[in-house]
Amino acid sequence: MARANDEAAALVQELADLLSITGGDAFKIRAYEKAARAIAGYPEDISGLGLAGLKKIPTVGEAIAKKLADYNTTGTIRQVEELRAQIPAGVRALTAIPTLGPKKALAVHQELGVSSVDELAAAIREGRLRGLKGFGAKTEDNILRGIELMEQTGGRVLIDVAAGLADEIVAALSPLAERCVHAGSLRRMRETIGDVDILAASREPKPIMAAFTALPLVAEVIGGGDKKTSIRTTGGLQVDLRVVPPEAWGAALQYFTGSRAHNVRTREIAVRAGLKLSEYGLFTADGDETGEPIVSATEEEVYDRLGLPWIPPALREDRGEIEAALAGGLPRLVTVDDLRGDLHSHTDLTDGTASLEEMVRAAAARGLEYYAITDHAPNLFMQRMTDEKMLAQRERVRALQREYPGLVLLHGTELNIDPDGGVDWDADFLSGFDICVASVHSHFTQDEAEMTRRFVRACENPHVHVIGHPTARQIGRRPEVEADWDEVFTAAARTGTALEVDSFPDRLDLPADLIRRALRHGVKFTIDTDAHAVGHHRNIRYGVGTAQRGWLTPDDVINTWPLDRLRAFLRKPAAG
Ligand code: DGT
Ligand code: CA
Ligand code: CA
Ligand code: ZN
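Residues numbered from 1 in each chain as written. Chains lettered and ligands numbered in written order. Predicted model: local features only at pLDDT ≥ 70, side-chain atom pairs only at ≥ 80, totals over all residues. Heavy atoms only, no water.

Peer 1: Honestly, the coordination of the calcium ion (ligand 2) in this entry has me stumped. Any pointers?
Peer 2: Bound to the calcium ion (ligand 2) on the protein side are Asp195 (O), Asp195 (OD) and Asp197 (OD), at distances that span 2.2 to 2.6 Å. A gap of 3.6 Å separates the calcium ion (ligand 2) and the calcium ion (ligand 3), which Asp195 links by coordinating each metal. Note on Asp197: relative accessible area 11%, which makes it buried. (Donors = N, O, S within 2.8 Å, 3.2 Å for Na, K, Ca; no water. Buried < 20%, exposed > 50% of the residue type's maximum accessible area, 1.4 Å probe, protein only.)

Peer 1: I keep staring at the domain arrangement of the chain and nothing clicks. Help me out?
Peer 2: Accessible area lost upon the coming together of the parts is a frequently used measure of interface size. You can read the domains of the chain as domain 1 (3–153), domain 2 (155–244), domain 3 (252–330) and domain 4 (336–570). When each unit is reduced to the centre of its C-alpha atoms, the spacing between domain 1 and domain 4 is 29 Å. When domain 1 packs against domain 4, close to 1,200 Å² is buried across both sides, 59% of that on carbon and sulfur atoms. Linking domain 1 to domain 4 there are 0 salt bridges. Seen at the junction of domain 1 and domain 4, the total is 1 residue pair in polar contact (both at pLDDT 80 or more). Looking at the side of domain 1 that touches domain 4 element by element, the count peaks at 4 residues for helix H2 (residues 26–40). Classifying every residue of the side of domain 1 that touches domain 4 by side-chain character gives 5 nonpolar, 4 polar and 5 charged. (Domains from an automatic or database assignment. Buried area = accessible area lost by both parts, 1.4 Å probe. Salt bridge = Lys/Arg side-chain N within 4 Å of Asp/Glu carboxyl O. Polar contact = N/O pair within 3.5 Å; in protein donor to acceptor, adjacent residues only side chain to side chain. Helix = DSSP H or I, 4+ residues; strand = E, 2+ residues; numbered from the N terminus. Nonpolar A, V, L, I, M, F, W, Y, C, P; charged D, E, K, R; others polar.)

Peer 1: Hey, could you run me through the packing of aromatic side chains in this one?
Peer 2: The description of an aromatic ring pair rests on the distance of the ring centres and on the angle between the ring planes. Evaluated as defined, the whole model comprises 7 aromatic pairs. Between Trp425 and Phe433, the aromatic rings sit 5.5 Å apart at their centres with planes inclined by 40 degrees, giving tilted as the arrangement. For Phe433, a relative accessible area of 6% corresponds to the buried category. Pairing Trp561 with Phe569 gives two aromatic rings, centres 5.7 Å apart and planes at 85 degrees, and the pair type is edge-to-face. In this pair, the class of Trp561 matches that of Phe569, namely buried. The positively charged end of Arg394 is found above the aromatic ring belonging to Phe433, 4.8 Å away from the centroid. (Phe/Tyr/Trp six-rings, centres within 6.5 Å; stacked < 30°, edge-to-face > 60°. Lys NZ or Arg CZ within 6 Å of the ring centre and 35° of its normal.)

Peer 1: What's the story with the coordination of the calcium ion (ligand 3) in this structure? I'm lost.
Peer 2: Ideal coordination angles are 109.5 degrees for a metal with four donors arranged tetrahedrally and 90 or 180 degrees for a metal with six donors arranged octahedrally. Around the calcium ion (ligand 3), the donor atoms from the protein are Asp195 (OD), Asp195 (OD), Asp197 (OD) and Asp240 (OD), and they sit 2.3 to 2.6 Å away. Sequence spacing of the donor residues for the calcium ion (ligand 3), all on one chain, is D-x1-D-x42-D.

Peer 1: Please explain the sheet that holds strand S13 (residues 435–439) as it appears in this structure.
Peer 2: The strands making up a sheet associate through backbone hydrogen bonding, with each pair oriented either parallel or antiparallel. The sheet built from 7 strands is open, its strands ordered S10-S11-S12-S13-S14-S15-S16 with parallel pairing. Each having just a single partner strand, strand S10 (341–342) and strand S16 (525–528) make up the two edges of the open sheet. Looking at chain direction, strand S12 (residues 408–416) and S13 are connected through 5 bridges and run parallel. Following the sheet pairing, Asn416 is matched in S13 by Ser439. Of the strands in this sheet, strand S11 (370–376) and S12 are in contact with helix H18 (residues 387–401), which crosses S12 at around 160 degrees. Here helix H23 (residues 540–549) sits on the sheet in contact with strand S15 (498–502) and S16, set at roughly 150 degrees to S16. (Pairing = 2+ DSSP bridges. Contact = heavy atoms within 4.5 Å. Axes fitted to C-alpha atoms, helices over the stretch in contact; angles between N-to-C directions.)

Written out as structure tokens, the structure reads:
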């Protein structure tokens, strides 16, 4: 994704946040939030667009287009700068707490003089929030949980931010190197990334290092030499670049991909085989590292020499992959190319920013064989869905189908699982859909027993095929809901209800550890984009990465199946 789009989207979102602190028009704030999402998801780089081009971005009208034009020429939006100057920095620091709204942030600042996250935590501990209007014990708990979440992700970024950056750097350096790829946690597809590691192979490191530090995204060079250079980007993220001689490529890539825990195991295996494995290569144990390496031009050769098959990076966490590799039992992991369909997407009929036609065109461009449109159901009141609108959309989907002989369009919906486990429509209306995803969108803080019952009932509904983004977490913003997951997984397996792996970088839900647990219960999965914009189709790589970290094979994932097999699954014979 273009960096300009992300930056501009963040500024427009900040504008919405700042306006809500100053009590701005709620309609306008919502419009900015919607536009921010559309800008982030827009496939074209906005930095090259003029006013007319900017207005083509969905939901962006004259006023917002002007702000984006402002961004294109000045690198910022004037109104954002003005509001930043008006609102005390202390209040802005407080709004970074995901569970503290702007109004409450302003209140604690004005009433108690609190102007930092630490001061707020202290004020809560001292009971000073008790007297404030609108602050109960539950609010206090929520704020403390928000502060905790913030500290957990502290300094790490979402995977799409790191991937976008890595792609840009690799593209810039590749012409200068024999090979150039990203390694580290990003190659292993961890859900958040501490720093980006780039590896290049060349006999001439100097020009590569020079090109690296001269990139426009570099804010500061932290340190550097011929072997390794580290920079900090304008966005605050660290990037480490290492240049190795081509003959050390395999060992270096293996080493810098990690994880540390995995590498400890591979080094032990090397030692037992009378070898020595390091970032410089694989050597006989009595030789030294400046001598001739045995083999290390590719990772495959390194693993082979250790008596192991090549292990996919997503598995390299020392969570059983070494044992599985030794026993010849590594899974054949699902890949983006295995996916035949996408079973969860939205259009501008609800909170998507692209039309039905645009979303279907994007699905066709991915080479999919089937594609489900699953706009929100009526109980998510903000989306103003009605029976009539849903049925009218179905007509449009059926008509559009004629233009896409190679892509089967499924008309579906994303239902809301209510606090008791019921969903939006009765069985009769539900039976008109080709597919129903059902998700938790409210009452996130129910206790474990209630939440478990809620999911089990949803699974037992014969018209619910997929549980969408099951934990409902938003990384760094909203914790996972609490449920007895083993019980939920048992119900999903028993009823033939699939669990979703949502590919949104701030969701990645189910998370990998829960995927693996669900797999042991015999659950089936879908890997979906949950796309709300054309550009979101590209997020599928993150969902697939998460599925790989959960050890999923194509057979575990229903949207890798041929349509006939999928349709048989959607009949839910087990639930009846
Ligand atoms: P991150 O950056 O926190 O998201 O996680 P990683 O895994 O990218 O960690 P990082 O950037 O510190 O190091 C990249 C890889 O380099 C790491 O996965 C394994 C390897 N590595 C770095 N330092 C060490 C070390 O001291 N010992 C071992 N065994 N491996 C290391
Ligand atoms: Ca790293
Ligand atoms: Ca690093
Ligand atoms: Zn949803």
